[in-house]
Structure formats: structure tokens, C-alpha cells
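# Fold and contact review
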Amino acid sequence: MKRTMVVMFLVAVSTASFAVARAQEPMGDMSHMHHMAMPKATGVHLDVATDETQHVFTLRLGPLNLRAHAGMDVAQAPKLDWTVPLDGWFVAYRPALVDASGNALPGRLLHHVAVYDQSRRNYLCPNQPEHIFGAGGEMTHWPATPGLGYRVREGDKILVATMFHNDEAVSYPQTYLEIRIQYQPVEPGGPQLIAVRPVWFDVMGCGESAYDLKPGRNVTTGNFTLASNGKLIGVGGHMHDYGRELVLEDATRNQKIATLDAKLDPDGRLISIPIALFAQTGGLELSKGDDIRVTAVYDNPTGKYLQDGAMGIAVGYLIPEGEGESAAP
Ligand SMILES: [Cu+2]
């Protein structure tokens, strides 16, 4: 039973490409464009519909007016929040872009979305809110995994931070981001899920995620100290173009956890990053106090200095000891 659950989870992890960005400060703006003053859109709302039969919250954020050839220079949505109405677990996330009539729009109009639970401390960066989901233009979704979920409480404040862009020759005057969050409520006699925490091992530590690339080879390292024992279920990664590999290791044990070799096209553009899975053991055991080191290697062939060109994040799911059972903190 347990084995099955873990395997199911790993399938889920490998489906998600973890194309995410993360906050660099408590209410963090996403960092790709932090040098620019971003104009703010007005009249953008976050509405949430609840399907109590199917157990789905549908978050709908918009409208955004994305004019043709705007690039990043579009009026961006403010950060918007929503209060979780029940005790339960979030078990899956699926983003989509639609117009006012609900027709699908190209996902690449989304630069990224980051969803936070402001009522929980980030597991690795306790001065930041918990970052529970992220996606970029590839619109990756994180599917459900039987037996595992992210624990939420009634009253938890969920924050949604987005950045849109439009490089196309077509304007999209009414763009909405929808995120379907599948949930499992806590109910008498209902399933009790094991609580997982997303862990974002960022080479920039708990600061801004984006950093500059000099021409040629760039090796960047970040370190995290684990606050508890835990089991790492799987780890994926997020890099940008010219990324070569992400390495995650337990420096205390001098043990490699994962080496994720980026797949690039002939021009060095990122296609994908593999997932490392720890199915055989039911999760990789990590110990409180372990120094976890993440290293990102880039090879910048452009001959140019690329400002904010890189990110290096290994994104895992961790079952912290003492939190894994139904009684989440
Ligand atoms: Cu990024």
C-alpha cells in the first residue's frame, strides 16, 4: 500500500516540470524583472468558485489587458489573496489561461504564477510564506497523488502572484488565469492524507531567485540546513536557457542526492529537466541539521553578460517527520 502510494506520487512529480519561480521576500515579487518598475493593472480580481461535489476550488484571476508586442511591459495584476474556507488538503493544481468567454488562450502569455499559503512558514525559508505551487508558460500542472496532500486550515490566506507578458502580434484584452485546485476536506470517516511540504532548494538561498550570467561557465551554490528529519519523495528542477545541470547533495553526509541534467535544444534553450525519484526506499531519509547543498551549472554561449538570466531551483516534496500523519501543525 505504501509502496503504491509512493510510486503514484512519483508519477505525479515527474509529470510536473516544476517550471516555477519563487519569491525573494515575504510578499515577494517574482524576481525575473525586479529591475523594472511594473505598471499595475486596475480592476483585476481574484474570484473563487467552490465545487463541493467534485472538491475543486477554481481560482479566477483577471482580466489582464495584454496588448500586442508588449513583452513584459504590461500592466500587471497586483498580488491577490483568498481565504481557505475549510480544513483539508490541496491535492492537485491545474492552471489555464482563458478569455472572458472561457476560451483557451496560449499559456505562454503567462510568465509565471506563484501560489503561497501566507499562514504557513516556508519550510526552508521560515521568514517567507509557504510556496505551494508554481507554473510558467508551459502551464504545467501538478496532478493528484493518492495519499498525499498539502494541509490547509480554514482561514489560511492564499496569495497569488502573477506576471504576464505578450510577445505576440495579437492583443489579448481580456485574459484570465484559472487555477483549479483539487482538495480533500477533513470529514468524519473521510480519508486522512499524509502531509507533504514543497521544498525549493534555490542556489540563491532565501533571496531573489534570479541572478546574472557571465559569458561561459557559471557555477552557483546555495545551502540549506534542514529543520527536521524527513523523507524526500522526489525532486525536479527549474532553470533557464543555457542551464546544464542541477546537483543536490547532502553535504553533511557527503552524499549526492540527485544530479539533474538539463535537456537543451541546439541553441542552448532549455527543453526540460529530469526528475529524480526515491521510490525504492519509500523516500530518501534526511536528518535534522543536515546541510543540503544545491548547485546550478550554466554555460552561457552568447558572449554576453545576461542580467537576471538564470535561476537554479531544485524543487522537492518532503514529508517532515512529525508532520507526515494527518495531524499537521
Ligand atoms: Cu525562472
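For the structure itself, consult the block above.
Heads up: these notes are all about the structure in this document. (Residues numbered from 1 in each chain as written. Predicted model: local features only at pLDDT ≥ 70, side-chain atom pairs only at ≥ 80, totals over all residues.)

### Quick word on the environment of L248
One can find L248 in strand β15 (residues 243–250). With 21 C-beta atoms counted inside 10 Å, the residue L248 sits in the buried group. Sequence spacing of L248 and G222 is 26 residues, and the spatial spacing of their C-alpha atoms is 9.7 Å. Those residues in contact with L248 that lie beyond four places of it in its chain are F201, V235, I257, A258, I292, V294 and A314. (Helix = DSSP H or I, 4+ residues; strand = E, 2+ residues; numbered from the N terminus. Buried ≥ 20, exposed ≤ 12 C-beta atoms within 10 Å, placed from the backbone. Contact = placed C-beta atoms within 7 Å.)

### Re the sheet that holds strand β21 (residues 291–300)
Strand order in the open sheet formed by four strands is β13-β21-β15-β16, with antiparallel pairing between adjacent strands. At either margin of the open sheet sits one strand with a lone partner, and together these are β13 (216–225) and β16 (255–261). On average, each strand axis in the sheet is inclined to that of its neighbour by 15°, with strand direction left out of account. Summarising the sheet, β15 and β21 pair through seven bridges and their orientation is antiparallel. Directly across from G243, in β21, lies its bridge partner Y298. (Pairing = 2+ DSSP bridges. Axes fitted to C-alpha atoms, helices over the stretch in contact; angles between N-to-C directions.)

### Brief notes about the pairing of strand β5 (residues 110–121)
The buried fraction of β5 is high, at nine of 12 residues. Summarising the sheet, β5 and strand β8 (residues 157–164) pair through seven bridges and their orientation is antiparallel. Bridged to V115 within β8 is V160. By the bridge criterion, seven bridges tie β5 to strand β6 (residues 129–136) in an arrangement that is antiparallel. Looking at β6, one finds that H112 is bridged to G136.

### Things to note about the sheet that holds strand β9 (residues 172–185)
With respect to topology, six strands assemble into an open sheet ordered β1-β2-β9-β4-β7-β10, the strand pairing being mixed. In the strand order of this sheet, the two ends are held by β1 (45–51) and β10 (194–195), each with one partner. As paired elements, strand β2 (residues 56–66) and β9 share eight bridges and run antiparallel to each other. Looking at β9, one finds that L64 is bridged to T175.

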